[in-house]
Amino acid sequence: MQTFLLTPVKTVTALFLLTIIHFCNGILNIYLNTQEVQKLLGLEAELFYVRQGIVNDYALNFVVPIPSKINSLHFTWESLASKPLPYIIQIDTNDDEALEEPKLNITSSGLIPTYTQVFSLSLQCTGIVSAEVDVTISINITVNPDVTALKLKRKKICTKIESAINSQAVDAVPIRTSSARIFYYAVVCAFVLATTSIMCVAGLYVRRNKQRRTIDETTANQSYSAFLPTAIRNPTTSSSYSSFRRMPSYSLIEDRPSPKGLQERIAELTIQRCRVCLRNVVLEGTFSRVYQGTYSSEGGTEEEVLVKTVTDHASQVQISLLLQEGMSMYALNHPNILSILGVSFEDNSAPFLLYPLHNYSNLKVFLQRCKICSEGVAHTLTTQEVVDMALQVIEAMHYIHKKHILHKDLAARNCVVDNKLKIKIADNALSRDLFPSDYHCLGDNENRPIKWLALESLINKTFSTRSEVWSFGVLLWELTTLAQQPYVEIDPFEMAAYLKDGYRLVQPINCPDELFAVMAYCWAMNPEDRPTFLQLQVCLKEFYMQLTRYV
Ligand SMILES: *[C@@H]1O[C@H](CO)[C@@H](O)[C@H](O)[C@H]1NC(C)=O
Ligand SMILES: *[C@@H]1O[C@H](CO)[C@@H](O)[C@H](O)[C@H]1NC(C)=O
């Protein structure tokens, strides 16, 4: 029941209509004008929420992140009926410590005029704390005799003022503009995939803009983005691509020192479906599937791959999320990181995300299998092996932090391991569905890895390299317990209070004191008291040396 309408300026308009929801026949427009989309997403386009009375559910469900530098939002609307339309508007936020009370420059109830009107909403951070604040804009419009309720969502990123002086990223809140752009495209992609009646994709091309400095420079320099923020900091020359059916988020890595053009890189990742051969299912969720398979490259060589995809039951949002999260480690090149090899789109079916993998299995599943066989004669992990695996994770985390990326979901389930105990960190695409007992909602519809989160991430949803250190501690605990569930007896809703009271995971049986001390150190209440990955590396290397010396 959705519609997506995208109008890039100076280009052909592409319309894909599945089912049209008329709440009032051609009677109203509500949209973000080009300046606003430019400001928020760095695209030269308009984003319609309601166009001639047709509600765009995709756009409505898209939570637009607002970087800390942007203090006001603008919306455009117009009544297309012969008379103004009555509205009621209300703004709700979930954090009045981080964000001052939002102010509109229109009254909370009034009439939508018959001409184009722009109204603004101020979102001023207090600077007292860092947080990601949810802002909901509810608009009720009366079209006799019905009332239509619309909800627009924003996520305002607020940074603590003093953190601008501290160069360490302890308080840093990730910038999400690039991920917003990915999501914007993912929404488009997902929609296109879902459309059964694509007549033609008229050579839609989105001109990329030169000005991409949408982000606060000071914040950009010291905080970490969930995706590829370097692209935001270094504005690059404009280029274009001719089809948005490919995964267009590659524009984000444009500044990487690479002589290749954008087109070429897109072509590089888009893989023909016929070259992918699925063999067996290795993991299965309610709508997710992870397959082992092969990919035959154009040169004729066959490569073992892991394929993440979803079933027909998956919603568009789930498909978007798969694409968005699957791209989070794109183009990273490190022996301990599993980055995506390719994406394959085929009309009318879910995308395939391909990862280059040979003889690797999911770390959590691997550890649990170890547990089952450890009662018998099979392999159990020695402390030395555990430390070696931990050191590999540290290498990978060190690398992604150098690239200004935060993983935000470091856990055994998001790593893979081979039979020589070589570890790679993977993205978290589909993990919520594949490992449902590791994620919980605390009444806010957000399914989070509660028991892996640092206290500040749990409470304020803030992430930093130090919050990743916390999750690393939990991962280390998983390695030593062969993937037991952490805090199995604690209700997810009680977690924050439990941690605040000073309780932590208990020392696993057979876990040496030195190793447990490292974990406990990762779970310091105050982020600054936690070790850095560099310190962890030094410390664990030393411990490893001791083990090899005396064992
Ligand atoms: C808008 O309408 C919905 C029901 O349609 C109601 O629950 C909500 O309170 C209304 N909002 C405002 C701001 O009046
Ligand atoms: C609200 O403020 C914006 C500028 O911030 C301006 O363009 C717009 O016309 C104002 N709207 C009204 C209704 O005053």
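Please read these numbers as outputs of a predicted model, since none were measured by experiment. (Residues numbered from 1 in each chain as written. Chains lettered and ligands numbered in written order. Predicted model: local features only at pLDDT ≥ 70, side-chain atom pairs only at ≥ 80, totals over all residues. Heavy atoms only, no water.)

1. Overview of the packing of aromatic side chains
- This model, assessed by the stated rule, comprises 8 aromatic pairs.
- On the numbers, 5.4 Å between centres and 25° between planes, the contact of Phe 75 with Phe 119 is stacked. In this pair, Phe 75 is assigned in strand β7 (residues 72-79) and Phe 119 in strand β11 (residues 117-122), connecting sequence segments 44 residues apart.
- Here Phe 75 falls in the buried class, since its relative accessible area comes to 2%.
- By relative accessible area, which is 1% here, Phe 119 ends up buried.
- On the numbers, 4.7 Å between centres and 55° between planes, the contact of Trp 77 with Phe 119 is tilted. (Phe/Tyr/Trp six-rings, centres within 6.5 Å; stacked < 30°, edge-to-face > 60°. Helix = DSSP H or I, 4+ residues; strand = E, 2+ residues; numbered from the N terminus. Buried < 20%, exposed > 50% of the residue type's maximum accessible area, 1.4 Å probe, protein only.)

2. Regarding the nonpolar core
- Formed by 65 residues in total, the largest nonpolar core has its most connected members in Leu 363, Leu 367, Phe 472, Leu 476, Leu 515, Trp 523 and Leu 540.
- Each residue touching Phe 472, except ones within four places of it in the same chain, is listed here: Ala 390, Val 393, Ile 394, Leu 410, Cys 522, Phe 533, Leu 536 and Leu 540.
- By size, the runner-up hydrophobic cluster in this structure holds 43 residues, among which are Tyr 87, Leu 121, Ile 137 and Leu 152. (Core = buried A, V, L, I, M, F, W, Y, C linked by side-chain atoms within 4.5 Å. Contact = heavy atoms within 4.5 Å.)

3. Re the site of ligand 2
- Taken together, His 74, Asn 105, Ile 106, Gln 117, Val 118 and Ser 120 form the complete shell of residues around ligand 2.
- Backbone polar atom of Val 118 to a nitrogen atom of ligand 2: 2.9 Å apart, as the coordinates give it.
- Ser 120 places a side-chain nitrogen or oxygen 3.5 Å from an oxygen atom of ligand 2.
- Taking 360 Å² as the accessible area of ligand 2 by itself, protein coverage stands at 49%.
- Among the elements that line the shell around ligand 2, the one with the most residues is β11, at 3 residues.
- Partitioning the shell around ligand 2 into residue classes produces 2 nonpolar, 4 polar and no charged. (Near = heavy atom within 4 Å. Polar contact = N/O pair within 3.5 Å; in protein donor to acceptor, adjacent residues only side chain to side chain. Areas by Shrake-Rupley, 256 points an atom, 1.4 Å probe, with all protein chains shown as cover. Nonpolar A, V, L, I, M, F, W, Y, C, P; charged D, E, K, R; others polar.)

4. Let's talk about helix α12 (residues 465-481)
- For α12, built from 17 residues, the straight-helix expectation of 24 Å at 1.5 Å per residue is met to within 8% by its first-to-last C-alpha distance of 24 Å.
- α12 sits mainly inside the fold: 17 of its 17 residues count as buried.
- Leu 482 sits one or two residues past α12 and shows a positive phi near 55°. (Expected span 1.5 Å × (residues − 1).)

5. A look at helix α7 (residues 316-326)
- Counting buried positions along α7 yields 8 of 11 residues, so the element is predominantly enclosed.
- All of the buried residues along α7 are Gln 316, Ile 319, Ser 320, Leu 322, Leu 323, Gln 324, Glu 325 and Gly 326.

6. Examining the environment of Ala 131
- As for its position among the elements, Ala 131 is in strand β12 (residues 131-143).
- For Ala 131, a relative accessible area of 2% gives the class buried.
- The spacing of Ala 131 and Ser 457 is 326 residues in sequence and 9.6 Å in space, taken between C-alpha atoms.

7. Examining the site of ligand 1
- The full set of residues close to ligand 1 is Ile 88, Gln 90 and Asn 140.
- Measuring from an oxygen atom of ligand 1, one finds a side-chain N or O atom of Asn 140 at 2.3 Å.
- Isolated, ligand 1 exposes 360 Å² of accessible area, and the fraction of that covered by the protein chains is 44%.

8. Side note on the sheet that holds strand β19 (residues 360-362)
- Sheet architecture is open: 3 strands sit in the order β19-β20-β21, paired in antiparallel fashion. With one partner strand each, in any of the chains shown, β19 and β21 (423-425) form the two edges of the open sheet. Strand-to-strand twist across the sheet, computed as the mean angle between neighbouring axes with direction ignored, equals 30°.
- Pairing of strand β20 (residues 415-418) with β21, which is carried by 3 bridges, proceeds in the antiparallel orientation. Counterpart to Val 417 in the pairing with β21 is Ile 423.
- Where helix α9 (residues 383-402) meets the sheet, its contacts fall on β20 and β21, and the angle it forms with β21 comes to roughly 35°. (Pairing = 2+ DSSP bridges. Axes fitted to C-alpha atoms, helices over the stretch in contact; angles between N-to-C directions.)

9. Observations regarding the packing of α12 against helix α14 (residues 513-522)
- Put simply, α12 and α14 touch, their axes get as near as 7 Å, and they point 150° apart. Relative to α14, the element α12 lies roughly antiparallel. Classified by chirality, the crossing of α14 by α12 is left-handed. Across the interface between the two elements, Val 469, Trp 470, Phe 472, Gly 473, Leu 476, Trp 477 and Thr 480 from α12 touch Leu 515, Val 518, Met 519 and Cys 522 from α14.
- Taken together, the residues that form the contact of α12 with α14 break down as 9 nonpolar, 2 polar and no charged. (Parallel < 35°, antiparallel > 145°, perpendicular 65-115°, else oblique. Left-handed = near helix turned anticlockwise from the far one by under 90°.)

10. Side note on the side chain of Thr 136
- Inspection of the secondary structure assignment puts Thr 136 in strand β12.
- Judged by relative accessible area, which is 17%, Thr 136 ranks as buried.
- Excluding anything up to four places from it in sequence, Thr 136 contacts Gln 90, Ile 91, Asp 92, Lys 151 and Leu 152.

11. Remarks on the side chain of Lys 364
- In this fold, Lys 364 is placed in helix α8 (residues 363-374).
- Residue classification places Lys 364 among the buried residues on the basis of a relative accessible area of 2%.
- Dropping the residues within four chain positions of it, Lys 364 is found in contact with Ala 412, Arg 413, Phe 435, Asp 438, Trp 452, Glu 478, Ala 483 and Gln 485.

12. Some thoughts on the state of the cysteines
- Across all of its chains, the model carries 1 disulfide by this definition.
- The residue that forms a disulfide with Cys 125 is Cys 158, at a sulfur-sulfur distance of 2.0 Å. In this structure the cystine formed by Cys 125 and Cys 158 twists about its S-S bond by roughly -80°; its chirality is therefore left-handed. One end of the pair, Cys 125, is in the loop between β11 and β12; the other, Cys 158, is in strand β13 (residues 146-158), and 33 residues separate them in sequence.
- A disulfide-free cysteine, Cys 539 has its sulfur positioned 8.9 Å from the sulfur of Cys 522, the nearest such atom. (Disulfide = S-S within 2.5 Å.)

13. Details of the confidence of the model for the protein chain
- A residue-level look at the protein chain finds 73% of positions with pLDDT of 70 or above and a mean pLDDT of 75.
- Ignoring residues within four places in sequence, the model shows residues 1-24, a span with pLDDT below 50, making 84 contacts including any to other chains.
- Throughout residues 163-266 the model reports pLDDT below 50, and contacts reaching past four residues in sequence, or to other chains, amount to 268 contacts. (pLDDT = per-residue confidence, 0-100.)

14. Quick word on the pairing of strand β4 (residues 45-51)
- The element β4 is largely enclosed, with a buried count of 6 among its 7 residues.
- In this sheet, β4 lies alongside strand β3 (residues 28-32) in antiparallel orientation, the contact comprising 3 bridges. In the sheet register, Tyr 31 faces β4, and the bridge partner there is Phe 48.
- Relative to strand β5 (residues 54-55), β4 runs antiparallel, the two being bridged by 2 bridges. Each bridged residue has a counterpart across the sheet, and for Arg 51 the counterpart in β5 is Ile 54.
- The hairpin formed by β4 and β5 contains 2 residues between the paired strands, and Gln 52 there has a positive phi angle of roughly 50°.

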